[in-house]
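Coordinates in review
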Amino acid sequence: MELTDNKEKQKSLDLTEDSREMEWTYTSFVGELFNGQFRWDLINPFPVQRDDDKRIGDEFLEKLKASLIEHIDPDDVDKTGVIPEKAKNALAHLGCFGMKIPKKYGGLELSQINYNRAIALIGSHCASTAVFLSAHQSIGVPQPLKLFGTDEQKEKYLPRLAKGETSAFALTEVDVGSDPAQMKTTATPTDDGNHYIINGSKLWCTNGPIADILIVMTKTPPKIVNGKEKQQITAFIVEANTPGFEVEHRCKFMGLNGIDNGLLNFKDVKVPKENIIDKPGRGLKIALVTLNTGRLTIPAASSACNKLCLYWSRKWSQQRTQWGTTIGEHQAVAEMIANMAADTFATESVTWLASALADKGNADIRLEAAIAKYFCTEVSWKIVDDALQIRAGRGYETYDSLKKRGELPLPIERMMRDTRINRIIEGTSEIMRLFIAREAMDKHFQLLMPMLDPKIPLSAKISSLLKILAHYSIWYPKQWVRLPVEYKSRSLSKTNKKHLKFIGKTTKKLARGLFHAMGRYQQKLEKEQLIMFRFVEIGTDLFAMAASLSYAESLLGDCNGRDASQDLADLFCINARTRIKQAFYSINHSNGKSINNLSNRVLSNECEWLEDGVIKTID
Ligand SMILES: Cc1cc2nc3c(=O)[nH]c(=O)nc-3n(C[C@H](O)[C@H](O)[C@H](O)COP(=O)(O)OP(=O)(O)OC[C@H]3O[C@@H](n4cnc5c(N)ncnc54)[C@H](O)[C@@H]3O)c2cc1C
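Every chain is numbered independently, its residues counted from 1 as its sequence is written. The model is predicted, so local features are restricted to residues of pLDDT at least 70 and side-chain atom pairs to those at 80 or more, both for listing and for counting; the totals for chains, interfaces and linings are taken over all residues. Side-chain measures were taken over the full set of non-hydrogen atoms in the model, leaving aside hydrogen atoms and water.

**Some details on the site of the ligand**
Here a residue counts as near a molecule or strand whenever at least one of its heavy atoms sits within 4 Å of it. The full set close to the ligand counts 18 residues, and Phe 169, Thr 172, Ser 178, Thr 428 and Glu 430 are the nearest of them. Counted as a polar contact is a pair of N or O atoms within 3.5 Å, where, for protein atoms, one must be capable of donating a hydrogen and the other of accepting one, and residues adjacent in sequence contribute only when both atoms are in side chains. Contact distances for the ligand include 3.0 Å between a nitrogen atom and a backbone N or O atom of Trp 204. One of the side-chain N or O atoms of Thr 206 is found 2.8 Å from a nitrogen atom in the ligand. Here the ligand, which alone exposes 980 Å², has 68% of that area covered by the protein. Helix and strand definitions here come from DSSP, where helices need a minimum of 4 consecutive H or I residues and strands a minimum of 2 consecutive E residues; each element is numbered from the N-terminal end. Listing elements by their share of the shell around the ligand, those giving two or more residues are strand E1 (167-170), strand E3 (195-206) and helix H17 (429-440). The biggest single contributor to the shell around the ligand is H17, with three residues. When grouped by side-chain class, the residues that make up the shell around the ligand number ten nonpolar, seven polar and one charged. Domain delimitation follows an automatic or database domain assignment. Counting contributing residues, the shell around the ligand receives three or more from each of domain 2 (167-291) and domain 3 (294-438). Reported accessibility uses the Shrake-Rupley method at a 1.4 Å probe radius. Residues are deemed covered only where the shown protein chains occlude them. In this classification, the charged set is Asp, Glu, Lys and Arg, the nonpolar set is Ala, Val, Leu, Ile, Met, Phe, Trp, Tyr, Cys and Pro, and all remaining amino acids, among them Gly, are polar.

What follows is the structure, encoded as structure tokens:
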């Protein structure tokens, strides 16, 4: 059994590895960070949105806001589970179905920043509507077609999608969540090779039940490469009116009640070979690359949620009096408010930095986008929880109930239900950290892999060894050098300049630590997830600190009272430094063994007695 499990695991790892983007065409700020280089120059001055682009966004957002308020009652969407057709038509009329689609195909061709601003605005009003539109164009048909489609495919589908037809992305299956290699849905070529026949089921497909066009990930016949069978995952464009496609079940969740999400069946669904996106076998790569920028809408929506929480918490803390003073005066509440503001500032900085880098085009943002998704969704969950705590009983009460008894109806309860999914979709927080760890170590892997590969001949290994020695004899001592470095900053406060120095110093410590861990655990490092996660968390905090400091500097002198940005960045950095210290401590005093030991005992039912005294509804 274990042998089979290991084989399956290796298959999954091989497929994921094959589907990675191998090259780093452009320098990545975060990639450099994990490699011991704090490249402040890559993110400072903060890449603020160009005036002309901002004007386009402002004009669009104004119309969008009016339309959302006029056509969508978010509480009604939550209660009825329906986004009204009238609202969808109004959004389509505004161009919301083609925000990222090029103008020549009828879209608005918004920049990534403006698109994210739009999704953030929509999400702040109605999360279901934001997810509906984001699933349609961040991961649905438009984005992969834009990146990988042929001219014919773009001409055929993009105008329809820009006008208001809906698309969906179908990858997940009952047995396939985070691990696509286990996919069961097949696409078999017909004898003449002109068509493929799709059979299988797809689970939790957002927009699936109402989609006109879907991207469906399938398994096509394996290829033999160097005498070894290689799995092929292939992406198809499927029209929902093709015979054999059916919606078996509409799924309901704890939140996002307005989305149409379902279990879809494909029974002998015949699609022409022209509907393959890119080439057979490129499906997983398409999914991964699409998600690199596609997943940026999630941090944008999370940042918007944080802003609302901050607003509600501030208002309530000013109004509510207990024990003779407004609750914001009590230090325990003040701490939540201050941290919420600092964290909101950090998520805003990270989101807009990653989006601006995506727009610049000459940056590799796979790490930045993954960190933005992981960081912003984790922080957001904490912020919603604190906002609920500040509103206390009223935070737990539903919007409707508050309204009916004449109290200020703030939908924190709904926001909590709607937000929770963000730590799961488009890569769970655990998978995001594994992805970040893999990409962060890529430079080392590229050098060291040939030494570990048994198939590589001795002569090649010797040449690899020479390369390794040449590289590390310079790189490694550099990670210990502590020359005073001045990071250019026009006007950061003294404390914030100290935080900059801390980032520079800690970046090297991070790179050294990662290198030592690779040496210590070697191939077993893959199993030491806790160690890898702590490194990723350190890198994440360093990135968020740097983004916050750069953003704070860009806001200085802004007359909207934004000079507080120095304090916001400062508090975020103080908290981040505490977390970083703890993470290094955990790496050096790993409790992985105790955790493995105890979880083994729990999973072999040795602690079943601990579950006594409760009504168990499942065996
Ligand atoms: C509301 C909603 C909308 C969705 N929309 C879509 C959509 O439009 N299209 C689509 O294809 N899918 C969609 N999904 C599916 C979603 O992407 C998956 O839920 C997600 O990928 C996780 O898969 P899973 O739930 O099967 O969890 P699993 O993969 O079974 O994971 C279970 C747990 O194990 C952890 N885990 C798994 N593997 C590892 C590992 N190697 N190391 C450490 N931890 C691990 C996970 O992090 C998680 O905590 C949607 C889901 C929901 C609920």
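**Topic: the pattern of salt bridges**
Salt bridge, as used here: a side-chain nitrogen of Lys or Arg that lies within 4 Å of a carboxyl oxygen of Asp or Glu. For the coordinates displayed, the defined rule picks out 34 salt bridges. Where Glu 85 meets Lys 88, a salt bridge forms, and the shortest distance between an N and an O atom there is 3.8 Å. With a gap of three residues between them, Glu 85 and Lys 88 both fall in helix H5 (residues 85-94), about one helical turn apart. Overall, Lys 88 belongs to the buried group, its relative accessible area being 9%. Measuring nitrogen to oxygen at the nearest pair gives 2.9 Å for the salt bridge that ties Arg 579 to Asp 541. Here the residue Arg 579 occupies a position in helix H22 (residues 565-588), and Asp 541 occupies one in helix H21 (residues 529-555), the gap between them amounting to 38 residues. Throughout this description, buried means an accessible area under 20% of the type-specific maximum (1.4 Å probe, protein chains only), exposed means over 50%, and partly exposed covers the range between. Taking relative accessible area as the criterion, Asp 541 reaches 6% and is therefore assigned buried.

**Here we look at the environment of Asp 53**
On the secondary structure map, Asp 53 appears in helix H3 (residues 51-71). When the C-alpha atoms of Asp 53 and Pro 221 are compared, they prove to be 46 Å apart, with 168 residues separating the residues in sequence. Should any heavy atoms of two residues lie within 4.5 Å, those residues are considered in contact. Setting aside chain neighbours within four positions, we find Asp 53 in contact with Ser 111 and Asn 114. A polar atom in the side chain of Asp 53 sits 2.9 Å from the side chain of Gln 49.

**Focus on the packing of helix H6 (residues 112-125) against helix H12 (residues 331-360)**
For helices, the axis comes from a line fit to the C-alpha atoms of the stretch in contact; other axes are also lines fit to C-alpha atoms, and the angle between any two N-to-C directions lies between 0 and 180 degrees. Interaxial distance between H6 and H12 falls to 8 Å at its minimum, and their mutual angle equals 140°. Here H6 lies oblique to H12, going by the angle between them. Together, Gln 112, Ile 113, Asn 116 and Arg 117 of H6 and Trp 352, Ser 355, Ala 356, Ala 358 and Asp 359 of H12 make up the contact between the two elements. Grouping the amino acids of the contact of H6 with H12 by side-chain chemistry returns four nonpolar, three polar and two charged. Note on angle classes: values under 35 degrees are labelled roughly parallel, values over 145 roughly antiparallel, values of 65 to 115 roughly perpendicular, and the remainder oblique.

**Topic: the packing of aromatic side chains**
Only Phe, Tyr and Trp rings are paired, with Trp represented by its six-membered ring, and only when their centres lie within 6.5 Å; those with planes under 30 degrees apart are stacked, over 60 edge-to-face, the remainder tilted. By the definition in use, this model includes 15 aromatic pairs. Pairing Phe 38 with Tyr 487 gives two aromatic rings, centres 4.9 Å apart and planes at 55°, and the pair type is tilted. Placement of Phe 38 in the loop between helix H2 (29-34) and H3 and of Tyr 487 in the loop between helix H19 (458-478) and helix H20 (494-521) is noted, with a sequence separation of 449 residues between them. Residue class for Tyr 487 comes out buried when judged on its relative accessible area of 17%. Measuring from ring centre to ring centre gives 5.4 Å for Tyr 476 and Phe 515, while their planes differ by 45°; the resulting arrangement is tilted. Of this pair, Tyr 476 sits in helix H19 while Phe 515 sits in helix H20, placing them 39 residues apart in sequence.

**Some words on the side chain of Thr 220**
As for its position among the elements, Thr 220 is in strand E4 (residues 213-225). The exposure class of Thr 220 is buried, given its relative accessible area of 7%. In terms of polar contacts, Thr 220 uses its side chain to reach the side chain of Thr 234, at 2.6 Å.

**What about the pairing of strand E5 (residues 228-239)?**
Of all twelve residues in E5, nine are buried; the element is thus mostly enclosed. The sheet contact formed by E4 and E5 spans eleven bridges and is antiparallel. Residue pairing for E5: Ile 213 is matched across the bridge by Glu 239. Strands pair, by our definition, only if DSSP identifies at least two bridges between them. In textbook terms, the turn of a hairpin is the stretch between consecutive antiparallel strands, and for E4 and E5 this stretch comprises two residues, one of which, Asn 226, has a positive phi near 50°.

**So, helix H18 (residues 442-452)**
Buried residues of H18: Asp 442, His 444, Leu 447 and Pro 450, and no others. Buried residues belonging to H18 abut H17, H19 and H20.

**Things to note about a nonpolar patch on the surface**
A contiguous nonpolar surface patch, about 510 Å² in accessible area, is contributed by Leu 458, Ile 462, Leu 465, Leu 466 and Leu 469. With respect to the helices and strands, the residue Leu 466 is situated in helix H19. For Leu 466, a relative accessible area of 55% gives the class exposed. In this scheme, patches are assembled from residues that exceed 30% relative accessible area and form no salt bridge. Like charges are connected within 9 Å, while nonpolar side chains (Val, Leu, Ile, Met, Phe, Trp, Tyr) are connected within 5 Å.

**Describing the environment of Asn 199**
Relative to the elements of secondary structure, Asn 199 occurs in strand E3. What makes Asn 199 partly exposed here is its relative accessible area of 27%. Beyond its immediate sequence surroundings of up to four residues, Asn 199 is in contact with Lys 184, Thr 185, Thr 186, Phe 266, Lys 267 and Asp 268. Polar side-chain contacts of Asn 199 include one of 2.7 Å to the backbone nitrogen of Asp 268.

**Let's talk about the state of the cysteines**
Cysteine sulfur pairs qualify as disulfides if the two atoms are within 2.5 Å. Scanning the model with the defined rule gives zero disulfides in all. Free cysteine: Cys 96, not disulfide-bonded; nearest cysteine sulfur from Cys 126 at 13 Å. On the basis of relative accessibility, which here comes to 0%, the residue Cys 96 falls in the buried class.

**Looking at the domain arrangement of the chain**
Assigned domains of the chain: these are domain 1 (51-163), domain 2 (167-291) and domain 3 (294-438). Computed from C-alpha atoms alone, the centre-to-centre distance between domain 2 and domain 3 is 33 Å. Tallying the contact residues gives seven residues for domain 2 and nine residues for domain 3. Both faces combined, the contact of domain 2 with domain 3 buries some 750 Å², and carbon together with sulfur accounts for 60% of it. If you sort the residues of domain 2 by the area they bury against domain 3, Met 254, Leu 256 and Leu 291 come out on top, with a joint share of 67%. When two parts are brought into contact, each loses some accessible area as probed by a 1.4 Å sphere; the total of that loss over both is the buried area.

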